[in-house]
Amino acid sequence: MEKKATVNRRANFFNIRYASDTIKRGGIVAFPTETVYGLGADAFNPIAVAKVFEIKSRPFFDPLIVHIASVADLDKLVFNCTQEAYLLAKKFWPGPLTLVLPKKKQVPGIVTAGLPTVAVRMPGHPVALKLVKASGCPIAAPSANKFSYLSPTKAEHVRKHLAGVDFILDGGKAKIGVESTVISLSGNKFRLLRHGAIPAERILQAVPGLKLSEAISEPVVSPGMLKEHYSPNKPLFIVGGYFPKNYQIKKAALLSFSGENTRGYRLIKRLTRDKDLKEYAANLFSALHYLEETDVEFIAVEPVPEQGIGLAIMDRLRKAAWKYQKNLTAA
Ligand code: TXA
Ligand code: MG
């Protein structure tokens, strides 16, 4: 049996102190953010960062996001930070926007997977900010899940699925529930590398003269733009207009957005009462974690409108469905 981490009941002064001491001595701490839970290590300690990759079974070609506690901390990581980057940081931080910018040479190559850029964000959860401050170093942290598996939105998801974590800080359920928007910036242009809680329109509006240079469908510029990701351990299908052959509806759970066309399913999970996409996003991963524990054989998902955070939701659902849906023909 591998060692399971201790989870504190709720983060407080004492366990944040313990968690930051753990980071300082090269240990690994899972901590809450407003998007999903992160798996953190001192970003300037390559051996600690290597443990994060190992615990997640994450390939070394996929770089990590570095978490900071003030806009001023950007200068510890980023080489020649631009005016546009500062403006975006001031507008959206603390919050779910990750900026990919040229890195300083002091940032270890393992953090950035050898890329000349580093991804940085200031998380909007008070426990995460206190942890970074108390640790006295930026914290490199991917989402605290096994590579390509469901993201964790509660401390218990981390405890169940990851072995080898030294300490898990419990900050309750993540408010947003999908990961940060990732953009790379070059002068007054940005590329959207991952849909997230902040839609591109809001970024465009925030800085005068800023332009969106490439759509997300570009060939891989961010290793995390993999087709298969966020998958539960049982088949998941997006059921827009057809139903997969060889699967029986009475053995399925339905993740419902509208509350319509629910007949015949074994179990129905309604993630929002009011077609509220934010509420849906906040409940999505915990519903999938829950459905894994039930006896349903597969999960059918009603698509949601691709507006605002709906773009991030559909991105996660398509990736979760990819390995199951790629060879299907409509029934
Ligand atoms: O909300 C979030 O962003 C969460 C919380 C914990 O902060 N973190 C998270 O990390 O989602 P992760 O590792 O699951 O996703 C990081 C994404 C990946 O798609 C990765 O490829 C991309 O950011 N990324 C990191 N550094 C990059 C770089 N230098 N260039 C391009 N993409 C980068
Ligand atoms: Mg992730």
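An account of the accompanying structure is given in this report.

## As for the overall build of the protein chain
Point 1. Assigned secondary structure in the protein chain consists of 10 helices and 15 strands.
Point 2. In terms of C-alpha radius of gyration, the protein chain reaches 20 Å, essentially the compact-globule figure of 20 Å for 331 residues.
Point 3. Over its C-alpha atoms, taken along the principal directions, the protein chain stretches across nearly 55 × 50 × 35 Å.
Point 4. Burial status across the protein chain gives 56% buried among its 331 residues.
Point 5. Summarising the internal contacts of the protein chain: among those between residues at least 6 apart in sequence, 69% fall at separations of at least 24.
Point 6. Put simply, the protein chain shows about 14600 Å² of open surface, and 52% of that area lies on carbon and sulfur atoms.

## A few points about unusual backbone geometry
Point 1. Of note, the bond from Trp93 into Pro94 is cis; its omega dihedral lies within 30 degrees of zero at -10°.
Point 2. Within the secondary structure layout, Pro94 lies in the loop between α4 (83–92) and β5 (97–102).
Point 3. Despite not being glycine, Asn80 has its phi angle at roughly 50°, a positive value.
Point 4. Of note, Asn80 is situated in the loop between α3 (74–77) and α4.

## Some words on helix α6 (residues 126–135)
Point 1. For α6, every residue scored as buried is listed here: Val127, Ala128, Leu129, Leu131, Val132 and Ser135.
Point 2. Positioned one or two residues after α6, Gly136 has a phi angle of 75°, which is positive.

## Here we look at helix α10 (residues 309–325)
Point 1. Here α10 contains 17 residues, and its C-alpha end-to-end distance of 23 Å stays within 8% of the 24 Å for a straight helix at 1.5 Å per residue.
Point 2. Maximal helix bending in α10 amounts to about 30°, located at Lys319.
Point 3. Regarding α10, the residues found buried are Ile309, Gly310, Ala312, Ile313, Met314, Asp315, Arg316, Leu317, Lys319, Ala320, Ala321 and Gln325.
Point 4. Where the residues of α10 are buried, they touch β10 (189–194), β12 (236–238), α9 (277–293) and β15 (298–301).

## Looking at the pairing of strand β9 (residues 181–186)
Point 1. In terms of burial, β9 is largely enclosed, as five of its six residues are buried.
Point 2. When β5 meets β9, the two strands line up parallel, connected through four bridges. Bridge pairing in β9 links Leu97 to Thr181.
Point 3. By the bridge criterion, five bridges tie β9 to β10 in an arrangement that is antiparallel. From the neighbouring strand, Ser184 faces β10, where its bridge partner is Arg191.
Point 4. Taking the residues between adjacent antiparallel strands as the criterion, β9 and β10 are bridged by two residues, where Gly187 takes a positive phi near 60°.

## Regarding the sheet that holds β12
Within a sheet, adjacent strands bond to each other through the backbone by hydrogen bonds, running parallel or antiparallel.
Point 1. Taken together, four strands build an open sheet; the order of strands is β12-β15-β13-β14 and the sheet is parallel. The sheet terminates laterally at β12 and β14 (267–270), the two strands that pair on one side only. Across this sheet, the average inter-strand angle for adjacent strands is 20°, counted without regard to direction.
Point 2. Note: strand β13 (residues 252–256) against β15, four bridges, orientation parallel.

## A short note on empty space enclosed by the protein
Remark: the empty space left among the atoms is shown by a probe the size of a water molecule rolled over them.
Point 1. Applying the stated criterion across every chain, the model contains one cavity of 30 Å³ or more.
Point 2. Reported here for the largest cavity is a volume of approximately 30 Å³.
Point 3. Lining the largest cavity, in full, are Thr181, Leu192, His195, Gly196, Ile198, Pro199, Ala200, Gly308 and Leu311.
Point 4. Its residues assigned to classes, the lining of the largest cavity shows five nonpolar, four polar and no charged.

## Section: the pattern of salt bridges
Point 1. Within this structure, the stated rule accounts for nine salt bridges.
Point 2. Notably, a salt bridge pairs Arg58 with Asp62, separated by 3.3 Å at the nearest N-O pair.
Point 3. Residue Arg58 is classed as buried on the basis of its relative accessible area of 13%.
Point 4. For Asp62, a relative accessible area of 4% puts it in the buried group.

## Concerning the side chain of Ser180
Point 1. Tracing the backbone shows Ser180 in the loop between β8 (167–168) and β9.
Point 2. Exposure remark for Ser180: the relative accessible area of 2% places this residue in the buried category.
Point 3. Polar side-chain contacts of Ser180 include one of 2.8 Å to the side chain of Thr98.
Point 4. Beyond its immediate stretch of four places on either side in the chain, Ser180 contacts Thr35, Ile65, Pro96, Leu97, Thr98, Arg121, Arg194, His195, Gly196, Ala197 and Arg316.

## Looking at the nonpolar core
Point 1. Counting residues in each nonpolar core, the largest one holds 64 residues, and the members touching the most others are Leu74, Leu88 and Trp93.
Point 2. Sequence-distant contacts of Trp93, that is, excluding residues within four places in its chain, are made with Ile68, Val71, Leu74, Leu88, Leu99, Val120, Arg121 and Met122.
Point 3. With 31 residues, the next largest nonpolar core counts Ala197, Ile309, Met314 and Ala320 among its residues.

Parameters and conventions
- Residues numbered from 1 in each chain as written.
- Chains lettered and ligands numbered in written order.
- Predicted model: local features only at pLDDT ≥ 70, side-chain atom pairs only at ≥ 80, totals over all residues.
- Heavy atoms only, no water.
- Helix = DSSP H or I, 4+ residues; strand = E, 2+ residues; numbered from the N terminus.
- Rg over C-alpha atoms; globule rule 2.2 N^0.38 Å.
- Buried < 20%, exposed > 50% of the residue type's maximum accessible area, 1.4 Å probe, protein only.
- Contact = heavy atoms within 4.5 Å.
- Areas by Shrake-Rupley, 256 points an atom, 1.4 Å probe, with all protein chains shown as cover.
- Expected span 1.5 Å × (residues − 1).
- Bend = angle between axes of the 7 residues up to and from the residue.
- Pairing = 2+ DSSP bridges.
- Axes fitted to C-alpha atoms, helices over the stretch in contact; angles between N-to-C directions.
- 1 Å grid on protein atoms, 1.4 Å probe; cavity = no way out; pocket = protein on both sides within 12 Å on 5 of 7 lines; lining within 4 Å.
- Points joined across faces, edges and corners; volume = space filled by probe spheres on them.
- Nonpolar A, V, L, I, M, F, W, Y, C, P; charged D, E, K, R; others polar.
- Salt bridge = Lys/Arg side-chain N within 4 Å of Asp/Glu carboxyl O.
- Polar contact = N/O pair within 3.5 Å; in protein donor to acceptor, adjacent residues only side chain to side chain.
- Core = buried A, V, L, I, M, F, W, Y, C linked by side-chain atoms within 4.5 Å.

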